[in-house]
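Residues per chain, in single letters:
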Amino acid sequence: MSAGTALSRSIDTRRGGEQVRKPITRHWREWILHAILLTVGVVCIFPFIWVVGSALKTEREFFSQGLNPFPLGLPQWANFENAWVRANFGQYMVNTLFIAVSVAVLSVFIASFTAYALSRLDLPGKNGLIVLFGIIFLLPRAIPSSRPTRS
């Protein structure tokens, strides 16, 4: 950043042409905000980088390198093929697509009846119900795959 850019950022020009310096604390607030955002961004993106990097390591490298996301030797692209073939990921993909498409179609079908009723009928508490549906759509959905077992 050049001196002219830094100077132009610290001067505020008003409508009458009068130039007034901005308080320097505003610049510190911006720096602190950017530092916090950068830190949060790195913390959020690191697990994805680590997963992809770990997938390219040999088994020995994976267990010996800890949190280093990059393989020391050549990337092991064959790991992806081995995982696909040995773990039968093709069948898992078909099952996942079937469930996802079925749930999406069924959800749209049922939601269309609800939306029609809420738009055409004059029900008491209709606005509250619409707000409640909006809030519910924002919540994550979790379907347990099995019941917890007792030990």
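Residues numbered from 1 in each chain as written. Predicted model: local features only at pLDDT ≥ 70, side-chain atom pairs only at ≥ 80, totals over all residues. Heavy atoms only, no water.

(A) How the structure looks around the side chain of K126. Looking at where K126 falls in the secondary structure, it is placed in helix α6 (residues 126–138). Look at K126: it is buried, it has no salt bridge, and the nearest opposite charge is D122 at 4.9 Å. K126 has contacts with L118, S119 and L121, leaving out every residue within four places of it along the chain. (Helix = DSSP H or I, 4+ residues; strand = E, 2+ residues; numbered from the N terminus. Buried < 20%, exposed > 50% of the residue type's maximum accessible area, 1.4 Å probe, protein only. Lys, Arg positive; Asp, Glu negative; His and termini not counted. Salt bridge = Lys/Arg side-chain N within 4 Å of Asp/Glu carboxyl O. Contact = heavy atoms within 4.5 Å.)

(B) Molecular detail of a nonpolar patch on the surface. Among the surface-exposed residues, W84, V85, F89, Y92, M93 and L97 lie close enough to one another that they form a single nonpolar patch of about 630 Å² accessible area. Broken down by secondary-structure element, the contributors of at least two residues to the nonpolar patch are α4 (78–86) and α5 (89–120). Classification of W84 by relative accessible area gives partly exposed; the value is 45%. (Patch = residues over 30% accessible without salt bridge, like charges linked within 9 Å, V, L, I, M, F, W, Y side chains within 5 Å. Areas by Shrake-Rupley, 256 points an atom, 1.4 Å probe, with all protein chains shown as cover.)

(C) Examining the packing of aromatic side chains more closely. Applying the stated criterion across every chain, the model contains six aromatic pairs. Here the aromatic rings of F62 and F63 are separated by 5.0 Å at their centres, their planes lie at 80°, and the arrangement is edge-to-face. Note on F62: relative accessible area 29%, which makes it partly exposed. Ring geometry for W84 against F89: centres 6.4 Å apart, planes inclined by 25°, an arrangement best described as stacked. Cluster of aromatic residues (ring-pair linked, three or more members): W50, F62 and F63. (Phe/Tyr/Trp six-rings, centres within 6.5 Å; stacked < 30°, edge-to-face > 60°.)

(D) Structural context of the layout of surface pockets. Size it by volume and the largest pocket reaches roughly 330 Å³. Considering the residues around the largest pocket, the lining is formed by L106, S107, I110, A111, T114, A115, L118, I130, F133, I136, F137 and R141. The set of elements that each furnish at least two residues to the lining of the largest pocket consists of α5 and α6. Among the elements that take part in the lining of the largest pocket, α5 stands out by supplying seven residues, more than any other. Here the residues of the lining of the largest pocket are counted per class, giving nine nonpolar, two polar and one charged. Counted as a void, the second largest pocket has a volume near 230 Å³. Together, S54, A55, K57, T58, E59, F62, F63, N79, F80, N82 and A83 line the second largest pocket. Where the lining of the second largest pocket is concerned, the elements lending two or more residues are α2 (24–55), α3 (59–65) and α4. With four residues, α4 is the largest single contributor of residues to the lining of the second largest pocket. Looking at side-chain class alone, the lining of the second largest pocket contains five nonpolar, four polar and two charged residues. (1 Å grid on protein atoms, 1.4 Å probe; cavity = no way out; pocket = protein on both sides within 12 Å on 5 of 7 lines; lining within 4 Å. Points joined across faces, edges and corners; volume = space filled by probe spheres on them. Nonpolar A, V, L, I, M, F, W, Y, C, P; charged D, E, K, R; others polar.)

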